[in-house]
Amino acid sequence: MPIAIILRTSGSINVFRDAIVDALGSNQFDEALLCSGFFQENFRGSVYQASAEQQLARICAKSGVKLTTVGIHNGMWKPSYQNFKANMMAAGANITCMYKPGMRWHAKVFIASSLGKPHFGIVGSSNITRNAFSTGTPYNNECDVFMWTRSPSILGIVD
C-alpha cells in the first residue's frame, strides 16, 4: 500500500481538502468516513462553511456517496457541527453525523471505501475548519498521511 506524507506549508495549496473532495466526487467510492474534532460551519458568527468548500455538499449529493462523519471535541462546537449536517442535507448529501459519547473526539481520519473495502485513507492533524480545510491566510501548518491501494482508478485522486 503506497503512502505519502503531506506537509502543508502554504496557504494557497490544500492537498488535504482537494483529495477529500476529489475522492467524494469521483464515483469510485460508495461510502466514506470523515472524522474531525471540529467541523466549522458558521461557528460563532463566522461566515465560513466547510460544506461549501470546493462545493463539498453539492459534490457529495451528486455522487451519492454515503458519508458518515464523527465528531466533535466539545459542546462549544456542537451548533457548528449541526449546521454542517443541516447544510449537507439541504444540498441533498447522504450524510450521517455521529457524536462520540462525552465528546472529546479529536481523531482526524478519512476513509473512502467501495463495496465495503477501504481503498483510500488519510490520517493526520487537519480538522474540517477554515484554517485547515480552506486556502488563504491564516492557515495551519498540517501534516497528513495518505494511504491508498494500488488500484489505477485512484491515481487521479492521489497524483
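Here, the structure is the one placed above.
First, a word on what this report is: a plain description of the structure on this page. (Residues numbered from 1 in each chain as written. Predicted model: local features only at pLDDT ≥ 70, side-chain atom pairs only at ≥ 80, totals over all residues. Heavy atoms only, no water.)

Overview of the sheet that holds strand S1 (residues 3-7)
Then, number 1: Sheet architecture is open: seven strands sit in the order S1-S7-S6-S5-S2-S3-S4, paired in mixed fashion. Edge positions in the sheet fall to S1 and strand S4 (94-99), since each of these pairs with one other strand and no more. Adjacent strand axes in the sheet meet at a mean angle of 15°, parallel and antiparallel pairs treated alike.
Then, number 2: With five bridges joining them, strand S2 (residues 31-35) and strand S5 (residues 109-114) adopt antiparallel strand pairing. Directly across from Glu31, in S5, lies its bridge partner Ser113.
Then, number 3: Each of strand S3 (66-71) and S4 is contacted by helix H3 (residues 78-90), which is oriented at about 165° to S4, the strand it contacts most. (Pairing = 2+ DSSP bridges. Helix = DSSP H or I, 4+ residues; strand = E, 2+ residues; numbered from the N terminus. Axes fitted to C-alpha atoms, helices over the stretch in contact; angles between N-to-C directions. Contact = heavy atoms within 4.5 Å.)

Focus on the pairing of S5
In the case of a regular strand, side chains alternate between the two sheet surfaces.
Then, number 1: Sheet analysis places S5 next to strand S6 (residues 117-124), joined by six bridges and oriented antiparallel. What sits directly across from Ile111, in S6, is Gly121.

Observations concerning the pattern of salt bridges
Then, number 1: According to the stated counting rule, one finds two salt bridges in the structure shown.
Then, number 2: Residue Asp18 is joined to Arg17 by a salt bridge in which the shortest nitrogen-to-oxygen separation is 2.8 Å.
Then, number 3: Between Arg17 and Glu53 there is a salt bridge, and its shortest N-O distance comes to 2.6 Å. Here Arg17 is found in helix H1 (residues 15-25), whereas its partner Glu53 is found in the loop between S2 and helix H2 (56-63), with 36 residues between them in sequence. (Salt bridge = Lys/Arg side-chain N within 4 Å of Asp/Glu carboxyl O.)

Side note on the packing of aromatic side chains
Then, number 1: Taken as a whole, this structure holds eight aromatic pairs when the rule is applied.
Then, number 2: Both rings, one in Phe16 and one in Phe133, keep their centres 6.0 Å apart while their planes meet at 75°; by these two values the pair is edge-to-face. In this pair, Phe16 is assigned in helix H1 and Phe133 in helix H4 (residues 130-133), connecting sequence segments 117 residues apart.
Then, number 3: Overall, Phe16 belongs to the buried group, its relative accessible area being 7%.
Then, number 4: Given a relative accessible area of 0%, Phe133 falls into the buried group.
Then, number 5: Between the aromatic rings of Phe43 and Trp77, the centroid separation amounts to 3.7 Å while the plane-to-plane angle is 5°, which identifies the pairing as stacked. (Phe/Tyr/Trp six-rings, centres within 6.5 Å; stacked < 30°, edge-to-face > 60°. Buried < 20%, exposed > 50% of the residue type's maximum accessible area, 1.4 Å probe, protein only.)

Re unusual backbone geometry
Then, number 1: Residue Ile72 is bonded to the preceding Gly71 through a cis peptide linkage, with omega at 5°.
Then, number 2: In this structure, Pro138 follows Thr137 across a cis peptide bond, with omega equal to -5°.
Then, number 3: With a phi close to 50°, Arg44 is a non-glycine residue in the positive phi region.
Then, number 4: One non-glycine residue, Gln54, adopts positive backbone phi at about 50°.
Then, number 5: Here Gln54 lies in the loop between S2 and H2.

Here's the deal with the environment of Ile20
Then, number 1: With respect to the helices, strands and loops of the structure, Ile20 is situated in helix H1.
Then, number 2: Classification of Ile20 as buried rests on a relative accessible area of 0%.
Then, number 3: Discounting chain neighbours no more than four positions away, the residues touching Ile20 are Leu34, Phe110, Ile122 and Phe133.

Concerning H2
Then, number 1: Every buried residue of H2 is accounted for by Leu56, Ala57, Ile59, Cys60 and Ser63. Projection of H2 onto a plane perpendicular to its axis shows the buried side chains occupying an angular sector of 165°, all on one side.
Then, number 2: The inward-facing, buried residues of H2 abut H1, S3, H3 and H4.
Then, number 3: Just downstream of H2, Gly64 is the residue with a positive phi angle, here 80°. (Arc of directions from axis to C-beta.)

Purely geometric numbers; function is a separate question.
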